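A closer look at the structure
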Amino acid sequence: MSYETVVGLEVHSELKTNTKIFCGCPTTFGGEQNTHVCPVCLGLPGVLPVINEKVVEFAIKAGLALNCKINKFSKFDRKNYYYPDLPKNFQTSQFDLPIAEHGYLDIEVNGQTKRIRITRIHMEEDAGKLVHSGTTINDSSSACVDYNRTGVPLIEIVSEPDLSGPEEARAYMEKIKSILEYIDVSHCKMEEGNLRADVNVSLRKTGTTKLGTKAEMKNLNSFKMIESALAYEIERQTEILDDGGHIVQETRTWDEAKGMTVSMRTKEEANDYRYLPEPDLVPIITSDEQIEAIRAALPELPDARKKRLMAECGLSEYDAAIITTTRQMAEYFDAATAQKADAKLVANWMMGDLAKNLNGEGKSIEESPVTAQRLAELVDLISKGTISSKIAKTVFEEMWKTGDAPEKIVKEKGLVQITDTKEIEGIVDSVIAANPKPVEDYKAGNAKSIGFLVGQIMKQSKGKANPAMVNDLLKAKLD
Amino acid sequence: MNLFNKPAHVLHDMLINKEITAVELTNDLFARIDEVEGEVKAYITQTREAALAKAKAVDEKIARGEEISFLEGIPGVVKDNICTKGVKTTCASKMLENFVPPYNATVVEKLNAVSPVILGKANLDEFAMGGSTENSAFYPTHNPWNLDCVPGGSSGGSAAAVAAGSAIWSLGSDTGGSIRQPASFCGLVGLKPTYGRVSRFGLVAFASSLDQIGPITRDVTDCAHVMNIIAGYDKNDSTSINAEVPDYTKSLVKDVKGLKIGLPKEYFVAGMDADVEKAVRGAIKQLEDMGAEVVEVSMPHTEYAISAYYLIATAEASSNLARYDGVSYGARVEGTDIVDMFKKTRSEKFGQEVKRRIMLGTYALSAGYYDAYYLQALRVRTLVKQDFDKAFEKVDVLVTPIAPTPAYKIGDMVSDPMKMYLQDVCTVPVNLSGVPGISVPCGFSDNGMPIGLQIIGKPLDEETLIRTAYTFEQNNEFHKSIAPLREAK
Amino acid sequence: MKITRKDVENVALLSRLEIPEAEVETYTGQLNAFLEYADVLTSLDTKGVEPTAHVLPLKNVFRADEVKPSLDRELALSNAPEQENGYFKVPKIMEG
């Protein structure tokens, strides 16, 4: 029996506002437990929420960046359920009139572009953190609650079940992360829980259209986890269906240690959330002007940027994709090429030596000691032939250490490339004279020996001889 | 000295004329409380030390020749569902028996800024759910006019204290009549402001779209002064109206000439007590004699108001009270696991009426019933509101009874919830529409129990309400009557 | 009967209430009394009538994204039935 996999993702992203959605407590991660709380986010008797205006602005930004229609009339609703990380035992969220609906984003998998529809984006508040006394929830005798995270603003991005497997799910998640970072509404640090996904997966017989029963996996917070959990689930469901069984609609959790999904089915009833319009908050009405103002202030998004770099700078799709992975990289690239430095070279250096050094020191591109301006200068020196690519690597390392301008370094270290024919000729002659055996070997038909001779020439010229000219002149003299 | 019998405005004059000191006044109230509280049981918590300290501070201020404002140094009581920092706020429930809020309600901050002497927290129906204060988890409050009778509810403690002389003024809260009805049952003035006029921040929520805090006082003058203090925009309350607060005391003028008074025929219900009808009609006549024009109006959706109210209020309450689960504050009953703890805590620490309303509200919101009950109730609310809008196109105020009967005996109604709910027929439509309503004494039953007149106004038109109530009040002596218990011994 | 025992048990579960066997009948009767009374409301034709969730015509009430002082942890925990190391402590949470 062959099955089609149908996957939908509900992505939760914490917004990088200074304060929580309904109160003035800070949203900073990692504070001492229960030190970023107040009567409002603790849900004490008598408290009332007040909406943080930045949250709405960020949510609209996200909606526009994901090609959604912004609902000009939007409101909050209460989602009622009991859980100890929810102080009020209801979550203030949005039910029937979310801030944005009917959008999409495009993903690239195996060279193909696929459009994934986005059903809706809504604002809601995050819950607190539970720390269990045992290693897992089931062998703990007690739990501890930290409310620092309660009330941190979230947007929930819900996709249509348009994804067809782990690869697409990962690509979708990566794209969402990229876009949210681009528009600067989230830190997107998955390890800090800024970005999490609930994954819904079901199978149906290949060629049919009716959706199978789905299982939901909650709170997957790494790309790898999403892929692994999906792969496992698909296998699990396939086995059940092949055996003639039925999939139970349930919530499952990913057990990293065991490498499997585990049912979270509780004895209690399936949740009837009893949504009601939040009586303590009034509706949000956004005008066309406001929406357009926010749209106008959006930065150039990854896809558009990629296309532009391919068209204007002649970058390959592969290179353009890497350069536009984050906005910081893309902006670095734009700054470096602003004064017409060679785009391809800039791209190569960014993907090569710059990336290597940044990763080695755990730095982000904004922390690079080699600024975009300096990299552009280096690239210009290569383009002009002042230094060879090989020498440039040495110069780059020096730039990384000192932050100095490449021209200065080249001058001080006397690294200017030798392009004078007479000078190179002189070195070539000298090397030929000093190495009769390799010369003989080459003339005898051993092509490899030329490499040795080139090496000696470069050594004698302290690497400064123009490699192309060396090759040409050497060949000319030997042949 | 029997200062406890006097309204706040008289005592204020006595303070500034140095006829009495705030400490003397406060001690007089303490003595009075000692005398009657055993029978009335209006208080849950008394804060004598803090009260005396405040009184001393006010006296020092007066001694320094500084001016004092209206309520400064005057003892009052605050309903125990309004959060007072550092002072137990129980909502008359075992669930919050030992809860001490770490913050003040906005109205308490506003009061503190003008230094009244707060004597303590007043008894109420548990979580403000009830019409007689019999649902308090601790004890019922007794009506100072007849100790066998209820003082009304849910702000029964606030009203009884003021009527008994154990407080000069009080704050109550009103969701379906809980200020107006106890005021009426205790011969006092009680005002439910326009929804949004007074901040709800710090008022333990019962029904968020209906709750309001308001004064219960001895006369309309005191009421206007207290309103000046507590009304106003609060940025911590998203449902707070951002409009200037007028000086309500400027409405203390005797003039109803040309005032158009609407009489909604649907409020003069068939089963209405004869004494109530007599008193109310008498009041209407007084207003007419003073130049008001009476217009009969119809508010055809009145008969649906109680159903709509009890569906909306309980739905919101079921959500508002979900937070009481033993996790981070309030009572906790240990369980085998957390769900067991939730269930045991809520079952043992909530009273029956609270549980009844939570279940009804949960039902109204539950899958399959939401449209027929909750959503339908919201639609009916629109119709009820439209009745008021239409009526106010023709008239300036509406005049109705407060309740079908005067105060009844403790125990009479409490075992029949439905019967209790039906008593709210005249008051709940006002909350559903969000308009302001005031209760002012307008007579007595044959056996001496007070009867109140309800005057309902246009949104944000507390001024006309106060003017009408004041004019009426000054035209008779009802507000001067003192409960037998309050008579000087 | 508008509401059955089963409904009452269901609704009690949803609201985390445990109603003793002896009381279920009483509550069912009381809730029924109200729901029967509410028939007038449920049978009213409200086609075309918009629901009123808020009586005030308020909209767009916001606050600026400015940090305000949080509560001192001691105060935040001051009403906690049980606490440990700055956390609120609760009994075990079962999943499945």
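Okay, so let's go over this structure. Being a predicted model, the structure only gives us computed values, none of them experimental. (Residues numbered from 1 in each chain as written. Chains lettered and ligands numbered in written order. Predicted model: local features only at pLDDT ≥ 70, side-chain atom pairs only at ≥ 80, totals over all residues. Heavy atoms only, no water.)

1. Topic: the interface of chain C and chain B
With 49 residues of chain C at the contact, the number on the chain B side is 67 residues. Of the roughly 5100 Å² buried between chain C and chain B, counting both surfaces, carbon and sulfur atoms make up 70%. Considering only the side of chain C, the residues that lose the most area to chain B are Phe34, Leu41 and Val55 of chain C, jointly responsible for 13% of the buried surface there. Inspection of the chain C/chain B interface yields 1 salt bridge. Salt-bridge contacts for Glu82 of chain C lead to Arg332 of chain B; the nearest nitrogen and oxygen are separated by 3.3 Å. The interface formed by chain C and chain B includes 15 residue pairs in polar contact (both at pLDDT 80 or more). Taken together, the elements giving at least two residues each to the side of chain C that touches chain B come down to α1 (5-14), α2 (21-37), α3 (39-42) and β3 (87-91) of chain C. (Contact = heavy atoms within 4.5 Å. Buried area = accessible area lost by both parts, 1.4 Å probe. Salt bridge = Lys/Arg side-chain N within 4 Å of Asp/Glu carboxyl O. Polar contact = N/O pair within 3.5 Å; in protein donor to acceptor, adjacent residues only side chain to side chain. Helix = DSSP H or I, 4+ residues; strand = E, 2+ residues; numbered from the N terminus.)

2. Here we look at the packing of aromatic side chains
What describes a pair of aromatic rings is the distance from one ring centre to the other and the angle between the planes of the rings. This structure, assessed with the given rule, holds 29 aromatic pairs over all chains. Centroid distance Tyr369 of chain B to Tyr373 of chain B: 6.3 Å. Interplanar angle 40 degrees. Geometry classified as tilted. The class for Tyr373 of chain B is buried, based on a relative accessible area of 7%. Measuring from ring centre to ring centre gives 5.4 Å for Tyr370 of chain B and Tyr374 of chain B, while their planes differ by 45 degrees; the resulting arrangement is tilted. Overall, the relative accessible area of 22% leaves Tyr370 of chain B in the partly exposed class. Linked through ring pairs, Phe99, Phe127, Tyr324, Tyr329 and Phe350 of chain B together constitute an aromatic cluster. The cationic tip of Lys393 of chain A hangs over the ring face of Trp349 of chain A; the distance from NZ or CZ to the ring centre is 5.8 Å. The ring centre of Tyr139 of chain B lies 4.5 Å from the NZ or CZ of Lys41 of chain B, which sits over that ring. (Phe/Tyr/Trp six-rings, centres within 6.5 Å; stacked < 30°, edge-to-face > 60°. Buried < 20%, exposed > 50% of the residue type's maximum accessible area, 1.4 Å probe, protein only. Lys NZ or Arg CZ within 6 Å of the ring centre and 35° of its normal.)

3. Quick look at unusual backbone geometry
A cis amide bond, omega 10 degrees, links Gly153 of chain B with the succeeding residue Ser154 of chain B. Within the secondary structure, Ser154 of chain B is located in the loop between β3 (117-122) and α5 (156-164). Phi at Asn34 of chain A takes a positive value of approximately 55 degrees, unusual for a residue other than glycine. For Asn34 of chain A, the location among the structural elements is in the loop between β1 (3-14) and α1 (39-42). Phi angles above zero are rare outside glycine, and Ser115 of chain B is one such case at about 50 degrees. Considering the arrangement of structural elements, one finds Ser115 of chain B in the loop between α4 (106-113) and β3. The class for Ser115 of chain B is buried, based on a relative accessible area of 17%.

4. A few points about the interface of chain C and chain A
Size of an interface: often given as the accessible area lost when the parts come together. On the side of chain A, 57 residues touch chain C, which itself brings 34 residues to the contact. When the two sides are added together, the surface that chain C and chain A hide from each other amounts to roughly 4000 Å², 58% of it contributed by carbon and sulfur. Summed over the shared surface of chain C and chain A, the number is 1 salt bridge. Residues Arg73 of chain C and Glu32 of chain A are paired through a salt bridge, measuring 3.9 Å at the closest nitrogen-oxygen approach. Linking chain C with chain A are 24 residue pairs in polar contact (both at pLDDT 80 or more), by the criterion used here. Of all the elements in the fold, those that place two or more residues in the side of chain C that touches chain A are α1, β1 (62-63), α4 (73-76) and β3 of chain C. By residue number, the principal contributor to the side of chain C that touches chain A is β3 of chain C, which donates 5 residues. Of the residues belonging to the side of chain C that touches chain A, the class tally is 16 nonpolar, 7 polar and 11 charged. Pairing geometry for strand β2 (residues 51-52) of chain A and β1 of chain C, over 2 bridges, is parallel. Residue pairing for β1 of chain C: Asn52 of chain A is matched across the bridge by Arg63 of chain C. (Nonpolar A, V, L, I, M, F, W, Y, C, P; charged D, E, K, R; others polar. Pairing = 2+ DSSP bridges.)

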